[in-house]
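Tertiary structure, described
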Amino acid sequence: MHLRLIAPSDRSERVLDKLVADPRVTSVVRLPGAAHRPEGDMIECDVTREATSDILTFLKHEGLYDDGAVAVSAVDAAPSRNARATEKAALGAPDDAVIWDAVVDQAYTEASGSWVYYAFLTLATMIAAVAVVTDSSILVVGAMVVGPEFGVVAAIAVGLALRNAGLTWRALRLLVWGFLLAIALTTIAALLARAVGWIDVGDVTADRPLTGFIWRPDRWSVVVAVLAGCAGVLSQTAGRANALVGVFISVTTVPAAGDLALCLALWVPAQIGGAAAQLGINLLGMTVAGVLTLLAQRMIWRVYPRIRAGARVEA
C-alpha cells in the first residue's frame, strides 16, 4: 500500500524515524515544507498490507488524522528486490490483512447515499420485474449484477461489528429507503404496463420454471445468503473487488424486490409474502454473515501475529 502523508513540522521527524525504522516500510521520501493545505512536510512511503493498520494507528496517535493528512492507495506492482524483502519482514499473507481504517472509510462512502445509488437500485428492480414477466433467467442475473445494495449491507455489517451505531443506522436507513423507493417506482411502472395491456395477473401466477424460485424461499436461500455475505465481506477487506460480481449473482435480493412490486401492482397476495420473505432472508443472512466474518478476522489478526512471533523466537 502507498501512503501519502502531510505531517506538521513539529511531528515530521518522529513520523519519519518510525517509518524508516520499520522493516515493513520501504521507499520512504520526505519533502520538507512541500505541503501548503494543511501546512507541513510531505512524506510518502510503501507499506506492506499486513503492516498498514499498525502504521495508520501510529499516525492517528501522532495527530496526522486531525492536523495533517493521510491518503492510502494500492500499489499494483512492486517488482524491486527491496520491496520483496520488505514483504518478507511482515507476518502473514497480504490478502489476509485487513486495513480497518480503509474498511470503515469505504463503509461511510457506501452509506452516504446518492441519486446514482437510488437510480441503479430502481433500474435493477425494474429489470427483475421484466425477468419475472418473461420468465428469463438471463434478466434475473442482469438485475443481480446491476443492483448496488451489497455495499450498503456490508456497511451495516461493519457498523455492527465495530459497534459504530452512527454508521449502522445511516446504512440501514439508506438500505430501507432505497428498496422502498425502488419497489414503489417499479409498482407504478407495473400499474402503467397493466393499464395499457402489456401485463396481467396471469404473467405472475403462471408456471415460471426459471424464476418461480424468487418468491419461494427455502433453507437453501439462507445458506446462499450466508455464504454470499462471507464472500462479499472477504472480497472487500482483502481488496478483491472482482469477487463481488459473483456475490451479486448469488443473492436474490433485487429479483425478490421486483417480484414483490409486480405482485403489489397486480395484487397477487399469495406471492407477496414469499417475495418479501426472500428479500428479508437474503438481506438478514448477508448482514449476519458479514458481521461474523469481520469479528473472526479481528480475532485472527489479534492472535496470529503472536503465534508467528513465538514461532520465530523458537526457531
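For the structure, see preceding data.
One structure accompanies this document, and this report is about it. Please read these numbers as outputs of a predicted model, since none were measured by experiment. (Residues numbered from 1 in each chain as written. Predicted model: local features only at pLDDT ≥ 70, side-chain atom pairs only at ≥ 80, totals over all residues. Heavy atoms only, no water.)

1. Digging into the overall build of the protein
Regarding its fold elements, the protein presents 14 helices and 4 strands. Taking the principal axes of its C-alpha atoms as reference, the protein extends roughly 75 × 50 × 35 Å. A fraction of 79% describes how many contacts in the protein between residues 6 or more apart in sequence connect residues 24 or more apart. For the protein, the exposed area adds up to about 15,900 Å²; of that, 63% sits on carbon and sulfur atoms. (Helix = DSSP H or I, 4+ residues; strand = E, 2+ residues; numbered from the N terminus. Contact = heavy atoms within 4.5 Å. Areas by Shrake-Rupley, 256 points an atom, 1.4 Å probe, with all protein chains shown as cover.)

2. Here's the deal with helix α5 (residues 100–111)
An ideal rise of 1.5 Å per residue puts 16 Å on 12 residues; α5 measures up with 16 Å between its terminal C-alpha atoms. Two residues or fewer after α5 comes glycine 113, characterised by a positive phi angle close to 75°. (Expected span 1.5 Å × (residues − 1).)

3. A closer look at the packing of aromatic side chains
Taken as a whole and judged by the stated rule, the model has 1 aromatic pair. Sitting over the face of the ring of phenylalanine 58, lysine 18 holds its NZ or CZ atom 5.5 Å from the ring centroid. Stacked on the ring of tryptophan 100, the Lys or Arg arginine 298 has its end atom at 5.6 Å from the ring centre. (Phe/Tyr/Trp six-rings, centres within 6.5 Å; stacked < 30°, edge-to-face > 60°. Lys NZ or Arg CZ within 6 Å of the ring centre and 35° of its normal.)

4. Comments concerning the sheet that holds strand β2 (residues 25–36)
Here 4 strands make up an open sheet; going across it, the order is β2-β3-β1-β4 and the pairing antiparallel. Of all the strands in the sheet, just β2 and β4 (69–73) have a single pairing partner and so form its edges. If you compare each strand with its neighbour and ignore which way they point, the axes differ by 15° on average. The pairing of strand β1 (residues 2–7) with strand β3 (residues 39–47) spans 6 bridges and is antiparallel. (Pairing = 2+ DSSP bridges. Axes fitted to C-alpha atoms, helices over the stretch in contact; angles between N-to-C directions.)

By themselves, these observations are geometric and do not establish any function.
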